[in-house]
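# Structural characterization, general
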Amino acid sequence: MASEGETALDNLYHIAEKYKGKFSLAVEGAIPMGADGKYCIVGERNGHEITMVDIMKDLGEKAGSVLAIGTCAAYGGIPAAEGGETGAIGVMEFFKAHGIKTATVNIPGCPPHPDWIVGSIAHLLTKGVPELDDDGRPTVFFGENIHDNCPRLDQYDAGELSEKLSDAKGCRMDLGCKGPETYADCYKRKWNSQMNWCVDNSVCIGCVEPGFPDASSPFYEPA
Ligand code: SF4
Ligand code: SF4
């Protein structure tokens, strides 16, 4: 929007009231619950600070649906990892804790693929909330296991394992690949305009999974 500061917030709240139950709220980043929410202050309104916790309570309840974009918004992600100080959590956990029943579409990824975001928005606009898996992700993008569909599965089956990341061939299992525990279509969608994907040059670190990053750390050691 063209405005900024309090004018922008006023507009946001006005629109949310006017289109109650009809708009989709796009959320980026985890919600920091610590220190009364003061780790993330969105702005000021009527002389009071509005934290992300405040805005998620107000607008989350009014929204018809929520898009939690990125692993942090979906599951807490890196800010929620061991050692984090902010008490960060994802949207679904926040809603559960506050009794908010708004439908939530998780689009995890660190970062999420642009196709996953645009495709989910298009689905919401044309057909409503897409079919979701148990972790709230659209099955159309997150329904397939990476390992089961990996172009290097034949090499895994043949016991041909890469010894170093610069090896052009070989399965990355011994280098820490988390493909077997990860569900996403990166193996066929690829990244950078279909140029390559993580396994081509490194390993899958399971960035779309609810436990990321703690559950897939250390990244470069076998699970
Ligand atoms: S590179 Fe990873 S995803 Fe591909 S076959 Fe090996 S372990 Fe599975
Ligand atoms: S291949 Fe694995 S680490 Fe890479 S983007 Fe996909 S899910 Fe994330």
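In what follows, the structure referred to is the one given above.
Just so we're clear, the structure is a prediction, and the values are computed from it rather than from any experiment.

Residues in close proximity to ligand 1 include Ile146, His147, Cys150, Arg152, Leu153, Tyr156, Cys171, Arg172, Cys177, Gly179 and Val199, which together make up its full environment. The cavity where ligand 1 resides is the largest cavity. Residues that form the shell around ligand 1 fall into these classes: seven nonpolar, two polar and two charged.

This paragraph deals with empty space enclosed by the protein. Tallying each qualifying case throughout the model produces one cavity of 30 Å³ or more. Approximately 100 Å³ is the volume attributed to the largest cavity. Along its surface, the largest cavity is lined by 13 residues, and His147, Cys150, Cys171, Arg172 and Cys177 are the ones closest to its centre.

So, about the pattern of salt bridges. What the rule picks out here adds up to 10 salt bridges. The closest approach of N and O atoms between Glu49 and Lys38, which form a salt bridge, is 3.4 Å. Remark: Lys38 occurs in the loop between β2 (31-32) and β3 (41-45) and Glu49 occurs in strand β4 (residues 48-51); sequence separation between them is 11 residues. For Glu49, a relative accessible area of 38% gives the class partly exposed. Linked through salt bridges whose partners overlap, the residues forming this network are Asp133, Asp135, Arg137 and Glu209.

Here we come to the site of ligand 2. Taken together, Ile146, Thr182, Cys186, Trp191, Trp197, Cys198, Cys204, Ile205, Gly206, Cys207 and Val208 make up the full set of residues near ligand 2. In this structure the site holding ligand 2 corresponds to the largest pocket.

On to helix α5 (residues 114-127). When the terminal C-alpha atoms of α5 are compared, their 19 Å separation across 14 residues agrees well with the 20 Å that a helix rising 1.5 Å per residue should span. Among all positions of α5, only Trp116, Ser120 and Leu124 are buried. Seen along its axis, α5 keeps its buried residues to an arc of 65 degrees; they face one direction. Across from the buried face of α5, at angles greater than 90 degrees, the exposed residues are Val118, Leu125 and Thr126. Taken together, the buried residues of α5 touch β1 (24-28), β5 (65-69), β7 (103-107), α6 (139-142) and α9 (186-189). Just beyond α5, the residue with positive phi is Gly128, at close to 90 degrees.

Thresholds applied
- Residues numbered from 1 in each chain as written.
- Chains lettered and ligands numbered in written order.
- Predicted model: local features only at pLDDT ≥ 70, side-chain atom pairs only at ≥ 80, totals over all residues.
- Heavy atoms only, no water.
- Near = heavy atom within 4 Å.
- 1 Å grid on protein atoms, 1.4 Å probe; cavity = no way out; pocket = protein on both sides within 12 Å on 5 of 7 lines; lining within 4 Å.
- Sits in = over half its atoms within 2 Å of the grid points.
- Nonpolar A, V, L, I, M, F, W, Y, C, P; charged D, E, K, R; others polar.
- Points joined across faces, edges and corners; volume = space filled by probe spheres on them.
- Salt bridge = Lys/Arg side-chain N within 4 Å of Asp/Glu carboxyl O.
- Helix = DSSP H or I, 4+ residues; strand = E, 2+ residues; numbered from the N terminus.
- Buried < 20%, exposed > 50% of the residue type's maximum accessible area, 1.4 Å probe, protein only.
- Expected span 1.5 Å × (residues − 1).
- Arc of directions from axis to C-beta.
- Contact = heavy atoms within 4.5 Å.

Interpretation in functional terms is not warranted from these geometric data alone.
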